[in-house]
Amino acid sequence: MSDMTIPKTYKLFVGGKFPRSESGRTHAVNRPDGGFLANVATASRKDARDAVVAARSAWSSWAGATAYNRGQVLYRVAEMLEGRGAQFAQEIIDSTGATPAAAKAEVRAAIDTLVWYAGWTDKFAQVFGGANPVAGPFFNLTVPDSVGVAVAVAPNAEGSSLLGLVASIAPILTMGNSVVVLASESAPCVAMSFAEVLATSDVPGGVVNILTGNVAEILPWLASHADVNSLDLTGVEGEVAVEAERSAAETLMRVIRPRTFGATEKSFDRIARFVEAKTVWHTKSLA
Amino acid sequence: MNLRELAPAPESTAILNLRDSYGLYIDGRWVDAHGGSMATISPATEKPIAEIGLANAGDIDLAVKAARKAYDTVWSRMSGSERGKYLFRIARLLQERAREFAVAETVDNGKPIRETRDIDIPLVAAWFFHYAGWADKLDFAGLGTNPRALGVAGQIIPWNFPLLMLAWKVAPALAAGNTVVLKPAETTPLTALMFVDICEQAGLPAGVVNIVPGLGEVAGQALVTHPGVNKIAFTGSTSVGRHIARELAGTDVALTLELGGKGANIVFDDAAIDEAVEGTVNGIFFNQGHVCCAGSRLLVQENVHDEFVEKLKRRVSTLRVGDPLDKNTDVGAINSREQLDRIEAISATGEPEGASRWTLECAVPKAGFWFRPTIFTGVSTSNTIAREEIFGPVLSVLTFRTPQEALDKANNSPYGLSAGVWTQTASRMLTMADGLRAGVVWSNTFNQFDPTSPFGGYKESGFGREGGRHGVTAYLAAGGAR
């Protein structure tokens, strides 16, 4: 009897499916000790554009889902992650060389982050908006609305291979946006395993799309994409981030600049950066 | 003889006490400008009102340094309640001198005195009064306790609501504890310069408010790129907004943009038709259509289109176009020759692209810049007049059959600032409001503004909100380390 393992083939996550890069490209990812870990897909411009199309078509029904439903789906992601906690801890160790305790704590924090945002879906609107006492006979209400399709670059920072990814995705999903995430270049395998969690968590296909590859190669196409509404640069630094922000100006994309939030930060403001305030006026009268 | 003809009822300009020329107001003093000067003219007569000094980059540098000094030494150290008292004083002073400002705004901008008197200036005072009360309540703004001001705010405002846009910018900035350098629009600097007198009467410390008229590409550019500025707030065209966003890429300068629009005003067959006609007129002919949130695309349900358009034309035929100082005037002068050219150029594409043009037949003065209210029917979504912001008294009428088609057509625009819905069915109204991709939705009304009510756009209409709690957060950051 052989104890030879069956290694996983890492692909992309687009539209709820796991396609290979249309470019046929892969790149090797090594363990911290230099040993071979896996070949992962190297996403191309075409993959990025396909991911935006998938995100756009998934957006309206996700945005239109009830807050209760979105909350349950996000909670379901936490449940699925919990069930595979040991696997993720091992993958974090394999990818980053984290200690077992640190890896376990990171998985725990990722689960807690998902639960925290799951609880916000049906509370955010009340805290964010409300009735405006205008000086006239009008009903006037400000409510949050999703921005649309977001692009996010997951951070590379230490201790964030899973947590940084979750901390990027969850606030974007909370109020109904869809997202194309560029996985951390240092831990793409963890990100693609998280895609398996999403795929089994009632998250509608296309709401989250994850691409692995070279951020500097893919990001410019996404930052200049006319059908992208917001751009989270939390995981990017330097000239790549500046160029992305400059491209985003052409379509007046909402940009979250690097260092606006910590790599693993969870905050109300992070949700608020992915909503539009919509104010509705209606006349009042007895007529 | 026209039986509706009224005797002229001009508002007197005797209340004005203008200077022949104005410099820049920096660090609590009037100083000379170094970027040349230009006359600000009345667009209704083309006569010069005053000579206005134009700031160059060096002047902007002085203004930013003055604002920084005032921020560091005075304004950031003052308690919120004290800051608020200055703003309350400003609100009261503006109320006391409301008529003077209304007349000045009408002379400089060309908009009817009825609007400056009843809408612009009262809202200006209301804006300062509202934000005055925020100054000592910032812990409740939603950023946690002890939020901090951003520092020096550079503010660039347009010519369509000159003093009101100043209020939208200056009031929340000061309430939040920032100091400001404000550049008024090239064609309408007058009331911003008069506002200096209000600041002085209020005893506002030197350097807290600096007013620097100038050209966009000189003074505006210098302000946007000045390393001492922490925040840029801009209201104006989408193309300039794009340019500013590009310039600020890679910096830590906070940015809010309130840009163009192509608002859809949607009329269903069950609407109160007469009210919808009034609302449509107000939506596009208010302020000569120089309104970023104007209802410039009228979407009428097909089965009431003919009846609605007929009533609309009948109503528009009663509009009085002419001397903006006349209290009976509904539609005043176009703000500038340049804007008139733009309105004429875009309107000229209407008929060649297949639309039918109807223009109000009325006499207009010989001097000045005038454009008669115009309605295009038979417009398709791909027409230039249905896509581009005209920023003038020009309405494009389209039709729809189903609510979904109305939503699709309304949202088929790179802009997303405003929309209107006219229906008596509440459930339909609410579903439409949910689906419209616009920052402001007016239902059975249009073009309403209030300092408590957040205003701002989706998509290429910009980002950030002005008004209410959301407006003050645009000038604050969470306290503590970040």
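How each quantity is defined
Residues numbered from 1 in each chain as written. Chains lettered and ligands numbered in written order. Predicted model: local features only at pLDDT ≥ 70, side-chain atom pairs only at ≥ 80, totals over all residues. Heavy atoms only, no water. Domains from an automatic or database assignment. Contact = heavy atoms within 4.5 Å. Buried area = accessible area lost by both parts, 1.4 Å probe. Salt bridge = Lys/Arg side-chain N within 4 Å of Asp/Glu carboxyl O. Polar contact = N/O pair within 3.5 Å; in protein donor to acceptor, adjacent residues only side chain to side chain. Helix = DSSP H or I, 4+ residues; strand = E, 2+ residues; numbered from the N terminus. 1 Å grid on protein atoms, 1.4 Å probe; cavity = no way out; pocket = protein on both sides within 12 Å on 5 of 7 lines; lining within 4 Å. Points joined across faces, edges and corners; volume = space filled by probe spheres on them. Nonpolar A, V, L, I, M, F, W, Y, C, P; charged D, E, K, R; others polar. Core = buried A, V, L, I, M, F, W, Y, C linked by side-chain atoms within 4.5 Å. Buried < 20%, exposed > 50% of the residue type's maximum accessible area, 1.4 Å probe, protein only. Pairing = 2+ DSSP bridges. Axes fitted to C-alpha atoms, helices over the stretch in contact; angles between N-to-C directions. Expected span 1.5 Å × (residues − 1).

Topic: the domain arrangement of chain B
All names here are of chain B.
So, step 1. The domain boundaries assigned to chain B delineate domain 1 (21–259 + 461–477) and domain 2 (264–452).
So, step 2. Contacts between domain 1 and domain 2 engage 36 residues on the former and 34 residues on the latter.
So, step 3. Across the domain 1 to domain 2 interface the summed buried area is about 2,700 Å²; carbon plus sulfur atoms make up 61%.
So, step 4. Remark: the boundary between domain 1 and domain 2 carries two salt bridges.
So, step 5. For the interface between domain 1 and domain 2, the tally reads 14 residue pairs in polar contact (both at pLDDT 80 or more).
So, step 6. If you list the elements that add at least two residues to the side of domain 1 that touches domain 2, you get helix H3 (98–109) and helix H4 (113–132).
So, step 7. Counting residues per element, the side of domain 1 that touches domain 2 draws most heavily on H4, which supplies 10 residues.

As for the layout of surface pockets
To locate leftover empty space, one rolls a probe as large as a water molecule over the atoms.
So, step 1. The volume enclosed by the largest pocket comes to roughly 1,600 Å³.
So, step 2. Mapped onto the lining of the largest pocket, the elements with two or more residues apiece are helix H9 (238–249), strand S9 (254–256), helix H10 (268–272) and strand S10 (275–283) of chain A together with strand S11 (254–258), helix H15 (468–473) and strand S22 (476–477) of chain B.
So, step 3. Of the residues that constitute the lining of the largest pocket, the class distribution is 27 nonpolar, nine polar and 13 charged.
So, step 4. Taken together, 36 residues make up the lining of the second largest pocket; nearest its centre are Trp159(B), Phe234(B), Gly236(B), Ser237(B) and Val240(B).

A few points about the nonpolar core
Residue and element names in this part refer to chain B.
So, step 1. By size, the foremost hydrophobic cluster in this structure holds 112 residues, and its most contacted members are Leu-94, Phe-128, Leu-166, Phe-195 and Val-209.
So, step 2. In terms of residue count, helix H5 (residues 162–175) provides more of this core than any other element does, 11 residues in total.
So, step 3. Residue assignment places this core across two domains, with domain 1 (21–259 + 461–477) and domain 2 (264–452) each supplying three or more.
So, step 4. Residues in contact with Phe-195, not counting those within four places in the same chain, are Ile-90, Leu-94, Phe-101, Phe-128, Leu-163, Leu-166 and Val-209.

Some thoughts on empty space enclosed by the protein
All names here are of chain B.
So, step 1. Counted under the stated rule, the structure contains 11 cavities of 30 Å³ or more.
So, step 2. In this structure, the largest cavity occupies an estimated 100 Å³ of space.
So, step 3. If you go around the largest cavity, you meet 16 residues; those closest to its centre are Arg-297, Ala-410, Ser-418, Arg-437 and Ala-438.
So, step 4. Broken down by secondary-structure element, the contributors of at least two residues to the lining of the largest cavity are helix H13 (403–411), strand S17 (415–416) and strand S18 (418–422).
So, step 5. Looking at the lining of the largest cavity residue by residue, the classes come out as seven nonpolar, five polar and four charged.
So, step 6. Its volume calculated, the second largest cavity comes out at about 90 Å³.
So, step 7. As for the second largest cavity, its lining consists of 13 residues, of which Phe-161, Met-165, Trp-168, Cys-292 and Phe-449 are closest to the centre.

Let's talk about the interface of chain A and chain B
So, step 1. Taken together, the contact between chain A and chain B spans 37 residues of the former and 44 residues of the latter.
So, step 2. At the junction of chain A with chain B, the criterion picks out three salt bridges.
So, step 3. Its salt-bridge partner being Glu250(A), residue Arg246(B) comes within 2.3 Å of it at the nearest N-O pair.
So, step 4. The interface formed by chain A and chain B includes 28 residue pairs in polar contact (both at pLDDT 80 or more).
So, step 5. Elements supplying a minimum of two residues to the side of chain A that touches chain B: helix H5 (124–128), strand S4 (138–146), H9 and S10 of chain A.
So, step 6. Of all the elements, S10(A) adds the most residues to the side of chain A that touches chain B, at eight residues.
So, step 7. For the side of chain A that touches chain B, the residue count by class is 16 nonpolar, 11 polar and 10 charged.
So, step 8. For S10(A) and strand S19 (residues 440–443) of chain B, the ladder comprises four bridges, and the chain directions are parallel.

Describing the side chain of Gln155(B)
All names here are of chain B.
So, step 1. Tracing the sequence through the fold places Gln-155 in strand S7 (residues 152–156).
So, step 2. Within the structure, the side chain of Gln-155 is placed 3.0 Å from the side chain of Tyr-475, a separation counted as a polar contact.
So, step 3. Non-local contacts of Gln-155, meaning those with residues more than four positions away in its chain, are made with Lys-169, Val-170, Ala-173, Val-180, Val-181, Leu-182, Lys-183, Leu-223, Ala-233 and Tyr-475.

Let's talk about the sheet that holds S9(A)
All names here are of chain A.
So, step 1. Taken together, five strands build an open sheet; the order of strands is S7-S6-S5-S8-S9 and the sheet is parallel. Where the open sheet ends on each side, the last strands, each with one partner, are strand S7 (208–211) and S9. For this sheet the average axis-to-axis angle between neighbouring strands, irrespective of direction, equals 15°.
So, step 2. Note: strand S5 (residues 149–153) against strand S8 (residues 230–232), three bridges, orientation parallel. If you follow Ala-152 over to S8, its bridge partner there is Asp-232.
So, step 3. Along the sheet, helix H6 (residues 163–174) makes contact with S5, strand S6 (178–182) and S7, crossing S6 at roughly 165°.

Remarks on unusual backbone geometry
Residue and element names in this part refer to chain B.
So, step 1. Positive phi, close to 60°, is recorded for Asn-287, a residue that is not glycine.
So, step 2. Within the secondary structure, Asn-287 sits in the loop between helix H9 (273–285) and strand S13 (297–301).
So, step 3. Positioned with a positive phi, Asn-447 is a non-glycine residue whose angle comes to about 55°.
So, step 4. By secondary structure assignment, the location of Asn-447 is in the loop between S19 and strand S20 (458–459).

Topic: helix H2 (residues 80–96) of chain B
So, step 1. An ideal rise of 1.5 Å per residue puts 24 Å on 17 residues; H2(B) measures up with 24 Å between its terminal C-alpha atoms.
So, step 2. Gly80(B), Arg83(B), Gly84(B), Tyr86(B), Leu87(B), Ile90(B), Ala91(B), Leu93(B) and Leu94(B) are the residues of H2(B) that are buried.

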